Amino acid sequence: MYAEIKSTDKILINRLDENEQILLEEMYKKGTLASSVLGLDKLTDESGDFGGVLLNFYSVDSKDIEIETEIPKSLTLKIGENYNLPIKSNAGNSQVICLGVDDLSTIDLIKSNNEITFNTTNISDNTKLYYTITAEGYNPIVKTIDIVVEPKNVQIVYLYPYDINGNYIKHFEGISYTITDESGTEYITSFSEQYNAQYVELPVGVYNMTFSIEGYEPFKFENYEITQNDMLSPATKSEDIRFDTPLSYGN
């Protein structure tokens, strides 16, 4: 066996026989335990001079992490929904959350020191999420959360109006919105500060939309459909409203 120090955080060890490889792997596993502490003893050679070091792992008594936050065992969320749960414990800010799911390719996880955060955009139904909470000097906690992802109840449609010159109309006071379903029920628009646009929330159905602004012909969407597939997708929809034909004022 031969060892070479490459840097303050890297040591190259090669020329190991099979038994040495097994022992080194076991040392690595032991070193990852929260209760394990790495010790270093200086060795002397035959002349009494410093000749090497002896690295050894020994265990210390660890405390249990006491979680003050109520972490759910199961969650039912809408598709595309964000989930964020700050974690508080007696371990303070040193804890680390490690997340994973049954199929790691199906979820975009954000790893953070003090919270469990994820988005359900790509989570399949009936998913099990694994989380680990560790802190130096504490026994780790390894648990799971069962996640069920449901379809949306409504589809959000953002409305972007443009004038005859193709300029986005940032002020909406002069525009009236009329949106009705097949039974004549009218749906009211709201304003999104985040997207700087009016939007409407529509369940599955067929709609007629009319948008009016003084001096222009009304803009219409007829038989505008929201499908069940829209409810299974995390994406919102956006529609351009173009007031391209000014009214002719004359005789």
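Coordinates for the structure precede this section.
Per chain, residues are indexed from 1 in the order of the written sequence. Side-chain atom pairs in this predicted model are given and counted only at pLDDT of 80 or more, local residue features only at pLDDT of at least 70, and totals for whole chains, interfaces and linings cover all residues. Hydrogens and waters are ignored; side-chain quantities use all the structure's heavy atoms.

**Here's the deal with the nonpolar core**
- The set of buried Ala, Val, Leu, Ile, Met, Phe, Trp, Tyr and Cys residues whose side-chain atoms join them within 4.5 Å is what this entry labels a nonpolar core. The rule is simple: take the accessible area with a 1.4 Å probe, protein chains only, and divide by the maximum for that residue type; under 20% is buried, over 50% is exposed, in between is partly exposed. In this structure, I71, I87, I97, I116, F118, Y131 and I133 are the most contacted members of the largest nonpolar core, which totals 23 residues.
- Secondary structure elements with two or more residues in this core: β6 (74-78), β7 (82-86), β8 (96-101), β10 (115-119), β11 (127-134) and β13 (141-150).
- Examining the composition of this core, we find that 4 residues originate from one element, β13, more than from any other.
- We call two residues contacting when some pair of their heavy atoms lies within 4.5 Å. Not counting residues up to four positions away in its chain, the partners in contact with I116 are Y83, N84, L85, I87, I97, L99 and Y131. Working definition: helices are DSSP H or I runs of at least four residues, strands are E runs of at least two. Numbering for both runs from the N terminus.

**Considering the environment of N84**
- Turning to its location among the elements, N84 is positioned in strand β7.
- Judged by its relative accessible area of 42%, N84 is partly exposed.
- Separated by 34 residues in the primary sequence, N84 and F118 have C-alpha atoms spaced 6.8 Å apart.
- Excluding its chain neighbours within four sequence positions, the residues that come into contact with N84 are E115, I116 and T117.
- Residues adjacent in sequence count toward polar contacts only when both atoms are side-chain atoms; beyond that, a polar contact is any pair of N or O atoms within 3.5 Å, and within protein one must be able to donate a hydrogen and the other to accept it. Only 2.9 Å separates the side chain of N84 from the side chain of E115, close enough to count as a polar contact.
- Separated by 2.7 Å, the side chains of N84 and T117 make a polar contact.

**Focus on the sheet that holds strand β17 (residues 190-192)**
- The strand order across the open sheet formed by 4 strands is β17-β18-β14-β21, and the pairing between neighbours is mixed. Each of the sheet's edge strands pairs with one partner strand only, and the pair in question is β17 and β21 (237-242). Adjacent strand axes in the sheet meet at a mean angle of 40° when their direction is disregarded. Should DSSP find at least two bridges between two strands, the strands are taken to pair. Orientation is described by lines fitted to C-alpha atoms, with helices fitted over the stretch in contact, and by angles between N-to-C directions that extend from 0 to 180 degrees.

**Let's talk about a nonpolar patch on the surface**
- Residues enter patches when their relative accessible area tops 30% and they take part in no salt bridge; the joining distance is 9 Å for like charges and 5 Å for the nonpolar side chains Val, Leu, Ile, Met, Phe, Trp and Tyr. Residue exposure ignores everything except the shown protein chains as possible cover, and the areas themselves are Shrake-Rupley values with a 1.4 Å probe. Basic side-chain nitrogens of Lys or Arg form a salt bridge, by our definition, when they fall within 4 Å of a carboxyl oxygen of Asp or Glu. The grouping of M1, I5, I11, I13, L24 and M27 at the surface amounts to a nonpolar patch, some 570 Å² of accessible area in total.
- Contributions of two or more residues to the nonpolar patch are made by β2 (10-14) and α1 (18-31).
- Assignment of secondary structure puts I13 in strand β2.

**Regarding the side chain of D163**
- Following the sequence through the fold, D163 ends up in the loop between β14 (155-162) and β15 (175-181).
- Charge assignment in this entry is limited to Lys and Arg as positive and Asp and Glu as negative, and neither His nor the chain termini are counted. Although D163 is buried, it forms no salt bridge, and the closest oppositely charged side chain is R242 at an N-O distance of 7.2 Å.
- Here N167 takes part through its backbone nitrogen, which lies 2.9 Å from a polar atom of the side chain of D163.
- Once residues within four sequence positions are removed from consideration, D163 is found in contact with I169, Y216, F243 and D244.

**Overview of the layout of surface pockets**
- Put plainly, a pocket is an open set of points on a 1 Å grid over the protein atoms alone with protein on both sides within 12 Å along at least five of seven lines, a cavity is a set where a 1.4 Å probe fits but cannot get out, and a lining residue has an atom within 4 Å of a point. Grid points are joined across faces, edges and corners, and a volume is the space filled by probe spheres set on the points. Its boundaries defined by the atoms lining it, the largest pocket holds a volume of some 640 Å³.
- As for the largest pocket, its lining consists of 18 residues, and the residues nearest its centre are A3, I11, I13, L24 and L55.
- Put simply, the parts of the chain that give the lining of the largest pocket at least two residues each are β1 (2-7), β2, α1, β3 (36-44) and β4 (50-59).
- Tallied by class, residues from the lining of the largest pocket come to 16 nonpolar, no polar and 2 charged. Residue type decides the class: Asp, Glu, Lys and Arg count as charged, Ala, Val, Leu, Ile, Met, Phe, Trp, Tyr, Cys and Pro as nonpolar, and the leftover types, Gly among them, as polar.

**Quick word on the sheet that holds β15**
- Taken together, the 4 strands give an open sheet; going across it, the order is β16-β15-β19-β20, and neighbouring strands pair in antiparallel fashion. Two strands close off the open sheet at either side, each with one partner strand: β16 (186-187) and β20 (219-226).
- Sheet topology note: the β15/β16 ladder contains 2 bridges and is antiparallel. From the neighbouring strand, I179 faces β16, where its bridge partner is Y187.

**Describing the packing of aromatic side chains**
- Pairs were defined over the aromatic rings of Phe, Tyr and Trp, the Trp ring being its six-membered one, requiring ring centres within 6.5 Å. Orientation was assigned from the angle between planes: stacked under 30 degrees, edge-to-face over 60, tilted for the rest. Tallied over the full model, the rule gives 11 aromatic pairs.
- Ring centres of Y160 and Y168 lie 5.9 Å apart, and the angle between their planes is 45°; on these two criteria the pair is classed as tilted.
- Taking relative accessible area as the criterion, Y168 reaches 23% and is therefore assigned partly exposed.
- Three or more aromatic residues joined by ring pairs form one cluster here, namely Y177, F211, F219, F221 and Y224.

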